[in-house]
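What the coordinates show
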Amino acid sequence: MEIPMRFLLWTLFTAGVLANAYINTLAGWTGAAHVTASVCSGVLVLGSAVGLWLSRATARDAV
């Protein structure tokens, strides 16, 4: 179960980074729309990064 979850988290992380780059460079949104989209993509990136960090293999697990 760990492999599909890590794949999903990496996919979400990549999608969040790409969405954030799009929002900040190409979307052309201003005001509340830009802030809302940026916050949502930031939460996606931070949430998936925390999930990846918590599911990492430690040196104890590798032995």
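Residues numbered from 1 in each chain as written. Predicted model: local features only at pLDDT ≥ 70, side-chain atom pairs only at ≥ 80, totals over all residues. Heavy atoms only, no water.

Describing the side chain of Ser 55
The cut-off we apply is this: Strands here mean DSSP runs of E at least two residues long; helices mean DSSP runs of H or I at least four residues long; both are numbered from the N terminus. Each polar contact in these results corresponds to two N or O atoms within 3.5 Å; when the atoms are within protein, one needs to be able to donate a hydrogen and the other to accept it, and residues that are neighboring in sequence are counted only if both atoms are side-chain atoms. By definition, residues are in contact when any of their heavy atoms lie within 4.5 Å.
For Ser 55, the position within the fold is in the loop between helix H2 (31–54) and helix H3 (59–62). Among the polar contacts listed, one links the side chain of Ser 55 to the backbone oxygen of Leu 52, at a separation of 3.2 Å. Setting aside residues up to four positions removed in sequence, Ser 55 forms contacts with Glu 2, Arg 6 and Leu 9.

Observations concerning the environment of Val 17
Structurally, the position occupied by Val 17 is in helix H1 (residues 2–25). Note: C-alpha distance between Val 17 and Gly 42 (25 residues apart in sequence) is 8.1 Å.

Details of the packing of H1 against H2
Each pair of packed helices gets described by two things: the angle between the helix axes and the distance between those axes. Here is the rule we go by: Inter-axis angles, ranging from 0 to 180 degrees, are taken between N-to-C directions of lines fitted to C-alpha atoms, where helices are fitted over the stretch in contact. Throughout this description, any angle smaller than 35 degrees is read as roughly parallel, any larger than 145 degrees as roughly antiparallel, any in the 65 to 115 degree range as roughly perpendicular, and the remainder as oblique. In this scheme the handedness of a crossing depends on how the near helix is turned from the far one: anticlockwise by less than a right angle means left-handed, clockwise means right-handed. Classification used: nonpolar for Ala, Val, Leu, Ile, Met, Phe, Trp, Tyr, Cys and Pro, charged for Asp, Glu, Lys and Arg, polar for all others including Gly.
Running from amino to carboxyl end, H1 crosses H2 at an angle of 155 degrees, the nearest separation of the two axes being 8 Å. On the basis of their axis angle, the class for H1 and H2 is roughly antiparallel. Crossing of H1 over H2 shows left-handed handedness. Every residue of H2 that contacts H1 at Arg 6, Leu 9, Trp 10, Leu 12, Phe 13, Ala 15, Gly 16, Val 17, Ala 19, Asn 20, Ile 23 and Asn 24 is listed here: His 34, Ala 37, Ser 38, Ser 41, Leu 44, Val 45, Ser 48, Ala 49, Gly 51 and Leu 52. Within the contact of H1 with H2, the residues separate by chemical class into 13 nonpolar, eight polar and one charged.

Quick notes on the packing of aromatic side chains
As a reminder, the rule being used: Each Phe, Tyr or Trp ring (for Trp, its six-membered ring) is paired with any other whose centre lies within 6.5 Å, and the angle between the two planes then decides the class: stacked below 30 degrees, edge-to-face above 60, tilted in between. By definition, being over a ring means that NZ of Lys or CZ of Arg is both within 6 Å of the ring centre and within 35 degrees of the ring normal.
Across all of its chains, the model carries one aromatic pair by this definition. Here the basic side chain of Arg 56 rests over the ring of Trp 53, its NZ or CZ set 4.3 Å away from the ring centre.

So, the environment of Leu 12
Note on placement: Leu 12 falls in helix H1. Setting aside residues up to four positions removed in sequence, Leu 12 forms contacts with Leu 44 and Ser 48.

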